[in-house]
Amino acid sequence: MSGAVENGFGGAHSQEKAEWMVVAVEQYFESNADLEPEEIEDFLAELMNNEFNTIIEDGSLAQVSQQLCLLFRQSHQRDTVAMRDAITHLAQKKQEARRAVAKSQPAAESSSEEEEEAEEEAMDCSAGSSMNGIQSDPSPLSDKTTEDGWMLVTRKKK
């Protein structure tokens, strides 16, 4: 979702839509008992389609959905230690993915901007029991725009 926000797929209000999505997902969990990851995946796919004109076909929604279900379950069990560990692990994976992308691209940003982004990500991921900022970056992605303006997200071939 961060790529959709950074690239303005949701129009002028992309950031506000992303923040609203966090609340919408939290309400979806609260309103529906015993949700399965597949149900969350379908819900997220619909939100991404409706709000960001983006269809995600790289498998990342399944991973995000599994993580959200796990964190929601831990939240209701008040297992703060497991939640902090999971959030820390996700933050590390995100930083590793960003480093890998940075190594594969020419240096376009100054190092101070990269450090600020890393600090912001760490703050986002240390939000305690809130689901704000919890994201999983499973792998580098390839984005293509179709004739009708939709963004198709697929996994890059290795």
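Residues numbered from 1 in each chain as written. Predicted model: local features only at pLDDT ≥ 70, side-chain atom pairs only at ≥ 80, totals over all residues. Heavy atoms only, no water.

Colleague: Please give an account of the nonpolar core that cites residues and values.
Modeller: Judged by nonpolar contacts, the single largest core of 17 residues is most densely connected at Val25, Phe29, Ile40, Leu44 and Leu68. Those elements that place two or more of their residues in this core are α2 (14–31), α3 (37–52) and α4 (60–76). Here the element with the most residues in this core is α3; it accounts for six residues. Within the second largest apolar cluster, five residues are counted, among which are Met83, Ala86, Ile87 and Leu90. (Core = buried A, V, L, I, M, F, W, Y, C linked by side-chain atoms within 4.5 Å. Buried < 20%, exposed > 50% of the residue type's maximum accessible area, 1.4 Å probe, protein only. Helix = DSSP H or I, 4+ residues; strand = E, 2+ residues; numbered from the N terminus.)

Colleague: Just give me the short version of the packing of α3 against α4, but keep the residues and values in it.
Modeller: At a minimum axis distance of 8 Å, the contact between α3 and α4 shows a crossing angle of 120°. Taken as axis vectors, α3 and α4 run oblique relative to one another. As for the relative orientation of α3 and α4, their crossing is right-handed in sense. Seen from α3, the contacting residues are Pro37, Ile40, Glu41, Leu44 and Ala45; seen from α4, they are Leu61, Ala62, Val64, Ser65, Gln66, Leu68 and Cys69. Here the contact of α3 with α4 is built from residues that sort into nine nonpolar, two polar and one charged. (Axes fitted to C-alpha atoms, helices over the stretch in contact; angles between N-to-C directions. Parallel < 35°, antiparallel > 145°, perpendicular 65-115°, else oblique. Left-handed = near helix turned anticlockwise from the far one by under 90°. Contact = heavy atoms within 4.5 Å. Nonpolar A, V, L, I, M, F, W, Y, C, P; charged D, E, K, R; others polar.)

Colleague: Describe the side chain of Ser65, and please don't skip the residues or the numbers.
Modeller: Mapped onto the elements of the fold, Ser65 is located in helix α4. Here Ser65 falls in the buried class, since its relative accessible area comes to 0%. Reaching out from Ser65, the side chain makes a polar contact with the backbone oxygen of Leu61 at a distance of 2.7 Å. Filtering out sequence-adjacent residues up to four positions away, Ser65 remains in contact with Pro37, Ile40, Glu41 and Leu44. (Polar contact = N/O pair within 3.5 Å; in protein donor to acceptor, adjacent residues only side chain to side chain.)

Colleague: Before we move on, could you go through the packing of α4 against helix α5 (residues 80–104) and cite the residues and values that matter?
Modeller: Packing of α4 against α5 leaves a shortest axis separation of 9 Å and a crossing angle of 155°. Here α5 runs roughly antiparallel to α4, going by the angle between their axes. At the point where α4 passes α5, the crossing takes the left-handed sense. Packed against α4, whose contacting residues are Gln67, Leu71, Gln74 and Ser75, the element α5 presents Ala82, Met83, Ala86, Ile87 and Leu90 at the interface. Looking at the contact of α4 with α5 residue by residue, the classes come out as six nonpolar, three polar and no charged.

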